[in-house]
Structure formats: structure tokens, C-alpha cells
Amino acid sequence: MALVSLQDITLHFGGPPVLDNATLHLEAGERVGLVGRNGAGKSSLMLLINGELQPQAGTVARQRDLRTARLPQESPPELNGTIRQVVAAGLPARLPDGPPPHQRVDSILSRMLLDGEQCVSTLSGGMVRRVLLARALVADPDVLLLDEPTNHLDIDAIVWMEELLERWRGALVFVTHDRMFLQRLARRIVEIDRGAIYSYSGDYGKFLQRRDQRLQAEEQAANAFDDKLAAEEAWIRQGIMARRTRNEGRVRTLQAMRQQRRQRRSRQGTAGIAIQEAERSGDLVIEARNVSFAYDDVPVIQGFSTLIARGDRLGVVGANGSGKTTLLRLLLGQLKPDSGSIRHGTRLHVVHFDQLREQLDPRSTVAESIAGGQEYLNIDGRRKHVYGYLQDFLFTPDRARTPVSVLSGGERNRLLLARTFSRPANLMVLDEPTNDLDVETLELLEERLMQYSGTLLLVSHDRTFLDNVVTALLVLDGRGGVQEYTGGYSEYHQQRVRETQASMTAPTRLSGRLKPGRADSAGTAWSADAAEQQGQAGKGGSRQAADEPRRQRRPRKLSFNERRELEALPERIEELEKELSALRTLLADPVFYQTGDKAVITATQARLSAAETELESAYARWEELAALEE
């Protein structure tokens, strides 16, 4: 029996039906990626499954005592209190069999690497998403509903979430614009298109092929229908003799065909994105020499140098808070470096897409945001009416007259893109332009940027977008360092894999201990203390066995060699922790399995097991020698 069954559902909000006589069944353990254009009804479908919305017609049947939980697209504005309080609010009134409430909360906080006593109001957008996911998971739901779960997350956090959800055993339904995330997790794709629901088994790549086949067949059927309708219309318009002898059944058929044609819903158009290009800039665009910058004595950029030439296409990546936007502002001259110099080339015409939407006044209408009250825009040397220009970005005249405050996230992004591209530029700076865009618009934006001949600086957490658009990456490490890599994200990742493998064969000694709670690139927090606690919890019996003979021995002092061994053990433990962190990061990434040799994969897995054993032995020996020294 299905967990949830939606049968002949009709849902509308005043306009064309969002769902029109649609049916969907969700089985236990399924992983469903939900796709469709902006406004197609994806979020509404999730609300129906979660019981937060009722249809105008049709039935929603849920399995008895079914537990569902939903991660909303936007963080609730009323969110406050400690992380523990917010997560505990996700506990259902009737708990399933298992641990008591406080243990469930403690367990999920530990799994999600969250400090329960921290105040939610102090968290970044990415950490708030992690807290909301913990609130959804604490109920141990049968169905987990995620609406744009990767919003506000950096790449490392997205990879961490992918790894977490791969281990999820319940049914999973999610909406995302991240194509790599969708490809990795979805085992069935459900598309909402013009009120209808289409289900495709398999991954996202197979869905694209089968959807194109469906649309092609649909177009052929529509063309055949239109040809027949045109022939019947020609017949009915014949002279008096034809009308005297016409078949009344044929007339009724024609009337039905006319009604069917009026009810046909065409697919939403694709945004007509066009990028205006200014005159060519000089060969030199930006030169940075030994640039450093700090906020309140905390270094953000240290000793950074680069040369950006005309036509370069640079991606900027790094963890949230690592300084990506600060680096852009330094390069554009909006911030003055504490030391070093920034030099700009000649004939630069810059446009800047701002991820925080600071350039949009929520009180202005959509049209005013583009033209500032003017009726016409100058687009590629030609006058174009503002409403016509906005229709290229899928804004109808009615929508163009509405205030910015009522727009959805995807609409705001499209509006800001329309504003950005309304001005000619030879240096384009785009800070997170892909958030909330549907896949069709995203792919068109990629195509236009690839055709753009000017210079591009792009901040994005969309790995596929980076692969398709940029030719080099600036990677911020969060400690002020900036490294440059040739190629897109996949090339950078492969290079990082090779560097990790090289470091495993020749481990580098670190000068200091790992700080407690620092997260590796897979999002797992590892420290000497955490590893020790894990070892004690998982291997308590072996520790006791090691301690037993020590209690029976008479106290003695350490020998010279034992003292040297004790002094060297912390450094050895740190090396093993570093190696384990690198190994876990490597083995958590699907690209490693796609590009790595089978023998290398097997050897890496074996080394992980051996390193874990070595670390456990090192801790046991450290405790033993430390006890003798006391």
C-alpha cells in the first residue's frame, strides 16, 4: 500500500489550475525529485502531501499514523530561541517507539554537528538550513519533504547534505535547482507541467531523454490535430450547397474540437535572455598585487595576487563566510585593501548582479525597477518598450505592474537578471545568479554566458553551472588564502583528489593541533578530543582490556625511549586524524568513484580501515604511557 495517494486532484488559486485532475502515489523508501517551471505547483504538491493544503477536488489518502516532515524553501521569520528548542519543536505529539524525546534531540544534534545551546538568531543562512533539516529529521518521519534544501549552502555543505540524505531510509521528496544534487539522489523524477503530473523512473539524465521524447510526440499530435481542425473549418465555410448536405454529427465533432483547442495549455515560454556587450576593454582588466584585507583584525584576504585579462571567465568558490563577496568588492574597487594594490584596465563598463537583492526596492513595481519610470529602454542600440523587454524575462504586463515585494524568489532573480542585462558591459560580476531559477532558465543563462565575449567574475555554489561556464577558479580557504585552479569545478575537484592521494603516500606533519569542532570539506567535525571520545565509545572493551594489566603492575617511571615515544604520540595522532579526514572526504565524493581506478578505490578503502586501527592503538598507547608518567 502506498504511503500517500493523490487521486484526481484539482488545485487552483484563481488562475489556470496548478493541478488538473492529477494523480500521484508515493511508496515507502522512494527518492523522488520534483521538477517543473517556477510557479508550476511543486511547493503546493508538497503541502498537499504534508496535509497543510487541501485540494478543491479529488482525494488525498495517507497511510494510518503516517509521519511527514517538511523543510520549507524560506526560513520562517519567527524562528528564535536556541538550536535545541527549535529542533525539539519538530517532535510529534505522538512519538514512535524508541528513545525518549530528549535523547532523540541529542542524537540528531550530534549527527548534524550542531551546538544545541547556540542561539538561532546568531547563525548564518546555511546553518539555519541545517537546523531546520534537524527539526524535520527529529520526528523520524516516514516521508521527508525538502523544498530547495541547498539554498544558502556552500559546496562543502551541499556535499555533506548529499551524504546525509543518501543514508536516509525513509521516503524522500525534494525540489532543487541543483542538477548535480538531483542526479545523485533522485531515483524517480516527477514533473509538473501545465497542471498534469508525469512520473519517470530512473535518474535525472534518463528523465531528460524521456521528457524530450514526450514533448516531441505531444507536438506532433498537436500539429496533426491543428491540421484536422483547419480542414474541418474549411469544410464548414463552404458554400450553401455544402451546408445543406453537411453531416450534423460532423458539425458537433467540429464544435468539440474547437472547445478542445481553446482548453489546450501551451508550455510556458523560455526567458529570452540577451546580454548587451559594450565596446572591448583593454587587454588588462584587473591586476591585484599582494592584496590583504581584514575585518576587525580578522584576516579575510592575505597576500593575494592575480592578473585578469580580457575574456577571462573566473569562478569564485569557498565556504560561507570565507570572503567571496569581499574579494569581489576589492577587485571592483568598492573596498580599499589594507595592503597591496588593485589596478584597473581601460574602457571598463561593469555591471554587478547582487546576491542580496540590495538593488531592488520592494516598494517599486517590476517595470519601475527596470526603467525608473521611463517607458522605453535602449537595448542593443534600439528602443524597446519596457513591457516588451520584461516579457522576454517571462513577466506579463499585469505582472510588470505589481510591486517587487510580492514576487517569488525565482521571479526576483529573473527581474534582477533583466536589470543587469539591460545595460551594456564588458566586465560582468555575478554573485549567486542561479538561486531559485528553474532549470530551463538556468540552462539558457549558461548558454548566453558562454556566448558572452567580455570578462566574467562569477560566485556560485552550483557545480554544474561552474563546469559549464568558467575556465578557472579562485578558491578561498576561509583563512585568507586564495588558490587559483584551471578549469571548472570538476577539474578542480579531480586535482584536489590527486593532491589528497599524494598527501596519503607522503603525509605532511602539521605544526599545530586540530581545533575542536572544525569541519572537514565533507562537513564532518573532527578533532583530537572528538576522535578520542569516538574511540572510547566504540572500543570500550578493548580499552578495559588494555587497562587491566596496567593496574596490576607496580608503579614505575618511564624509560628514556618511552618518554620519547610519549612526546611523539600527539603529533602522530594528529597526522592520523588529518589523514582520516582526507580519506573520508575522498570516499564521500561520487566523482572519486566515477574517475578513480578500481584498484585505487580499493586501496583507499583499505587504508581508511588501517588508519582507524592505527589511531585507536595510538590513543591506547598514549593513555598507557601518560598514566605511567603520573
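Residues numbered from 1 in each chain as written. Predicted model: local features only at pLDDT ≥ 70, side-chain atom pairs only at ≥ 80, totals over all residues. Heavy atoms only, no water.

What am I meant to see in the overall build of the protein here?
Within the protein, the secondary structure is distributed over 22 helices and 20 strands. The buried share of the protein, taken over its 630 residues, is 47%. Looking at the protein alone, contacts between residues at least 24 apart form 68% of all its contacts between residues at least 6 apart. Working note: accessible area of the protein is about 31200 Å², and carbon and sulfur atoms make up 48% of it. (Helix = DSSP H or I, 4+ residues; strand = E, 2+ residues; numbered from the N terminus. Buried < 20%, exposed > 50% of the residue type's maximum accessible area, 1.4 Å probe, protein only. Contact = heavy atoms within 4.5 Å. Areas by Shrake-Rupley, 256 points an atom, 1.4 Å probe, with all protein chains shown as cover.)

Please explain helix H10 (residues 324-332) as it appears in this structure.
Residues three or four positions apart in an α-helix share a direction because the helix packs 3.6 residues into each turn. Within H10, 7 of the 9 residues are buried, leaving the element largely enclosed by the surrounding structure. Among all positions of H10, only Lys324, Thr326, Leu327, Leu328, Leu330, Leu331 and Leu332 are buried. In the segment just after H10, glycine 333 is the residue with positive phi, at about 85°.

I'm lost on the environment of methionine 46 in this one. Help?
Note that methionine 46 resides in helix H1 (residues 42-50). What makes methionine 46 buried here is its relative accessible area of 1%. Between the alpha carbons of methionine 46 and leucine 146 there is a distance of 8.5 Å; along the sequence they are 100 residues apart. Those residues in contact with methionine 46 that lie beyond four places of it in its chain are Leu34, Arg70, Leu145, Leu146, Asp147, Val173, Phe174 and Val175.

Honestly, the side chain of threonine 68 in this entry has me stumped. Any pointers?
Inspection of the secondary structure assignment puts threonine 68 in strand S5 (residues 68-71). Looking at threonine 68, its side chain comes within polar contact range of the side chain of asparagine 50, at 2.5 Å. Not counting residues within four places of it along the chain, the set of residues in contact with threonine 68 comprises Ile49, Asn50, Arg62, Pro141 and Val143. (Polar contact = N/O pair within 3.5 Å; in protein donor to acceptor, adjacent residues only side chain to side chain.)

Which parts of the structure should I look at to understand the pairing of strand S7 (residues 171-175)?
Sheet faces and side chains relate simply in a regular strand, where the side chains alternate between the two faces. By the criterion of burial, S7 is predominantly enclosed, with 5 of the 5 residues buried. Residue alternation in S7 divides its side chains into two sets, Ala171, Val173 and Val175 and Leu172 and Phe174, and both sets are buried. Pairing between strand S3 (residues 31-35) and S7: 4 bridges, direction parallel. Among the inter-strand pairings, glycine 33 is bridged to a residue of S7, identified as phenylalanine 174. Of the pairings in the sheet, the one linking strand S6 (residues 143-147) to S7 comprises 5 bridges and is parallel in character. Among the inter-strand pairings, leucine 146 is bridged to a residue of S7, identified as phenylalanine 174. Once you follow S6 into helix H5 (residues 155-166) and on to S7, the crossover reads as right-handed. (Pairing = 2+ DSSP bridges. Right-handed = clockwise from strand over helix to strand, strands pointing away.)

Honestly, the environment of proline 397 in this entry has me stumped. Any pointers?
Position of proline 397 among the secondary structure elements: in helix H13 (residues 397-400). Look at proline 397 and you get partly exposed, because its relative accessible area is 29%. The sequence separation of proline 397 and tyrosine 387 amounts to 10 residues, and the corresponding C-alpha distance is 5.9 Å.

Would you take a moment to explain the pattern of salt bridges for this structure?
Two side chains with opposite charge may pair up if their charged atoms get near one another. Following the criterion strictly, the structure yields 32 salt bridges and no others. Residues arginine 84 and aspartate 106 are paired through a salt bridge, measuring 2.6 Å at the closest nitrogen-oxygen approach. One end of the pair, arginine 84, is in helix H2 (residues 83-88); the other, aspartate 106, is in helix H3 (residues 101-111), with 22 residues separating them in the sequence. Judged by its relative accessible area of 31%, arginine 84 falls in the partly exposed class. (Salt bridge = Lys/Arg side-chain N within 4 Å of Asp/Glu carboxyl O.)

Explain empty space enclosed by the protein here, please?
Leftover empty space is mapped by rolling, across the atoms, a probe with the size of a water molecule. As enumerated under the stated definition, the model contains 4 cavities of 30 Å³ or more in all. The space that makes up the largest cavity amounts to roughly 90 Å³. In terms of lining, the largest cavity is formed by Thr150, Asn151, His152, Leu153, Ile158, His177, Asp178, Glu432, Thr434, Asn435, His461 and Asp462. The residue inventory of the lining of the largest cavity, partitioned by class, reads 2 nonpolar, 7 polar and 3 charged. The computed volume of the second largest cavity comes to approximately 40 Å³. In terms of lining, the second largest cavity is formed by Leu24, Leu26, Val32, Leu34, Leu45, Ile49, Val173, Arg188 and Val190. Every element with two or more residues in the lining of the second largest cavity is listed here: strand S2 (19-26), S3, H1 and strand S8 (188-193). (1 Å grid on protein atoms, 1.4 Å probe; cavity = no way out; pocket = protein on both sides within 12 Å on 5 of 7 lines; lining within 4 Å. Points joined across faces, edges and corners; volume = space filled by probe spheres on them. Nonpolar A, V, L, I, M, F, W, Y, C, P; charged D, E, K, R; others polar.)

What should I look at first to understand the nonpolar core in this one?
Soluble globular proteins tend to pack their nonpolar side chains together in the buried interior. Judged by nonpolar contacts, the single largest core of 47 residues is most densely connected at Leu390, Leu415, Phe421, Met428 and Leu449. Here this core gets 5 residues from one element, more than from any other, and that element is helix H14 (residues 409-421). Excluding residues that lie within four positions of it along the chain, leucine 449 makes contacts with Ile275, Arg313, Met428, Leu430, Leu456, Phe465 and Val469. Grouped together as the second largest cluster of nonpolar side chains are 44 residues, Leu137, Leu146, Phe174 and Phe181 included. (Core = buried A, V, L, I, M, F, W, Y, C linked by side-chain atoms within 4.5 Å.)

Sorry if this is basic, but what is going on with the environment of glutamate 411 here?
In this fold, glutamate 411 is placed in helix H14. The exposure class assigned to glutamate 411 is buried, which follows from its relative accessible area of 14%. C-alpha separation for the pair glutamate 411 and leucine 437, spaced 26 residues apart in sequence, amounts to 8.1 Å. A polar side-chain atom of glutamate 411 sits 2.8 Å from a polar atom in the side chain of arginine 399.

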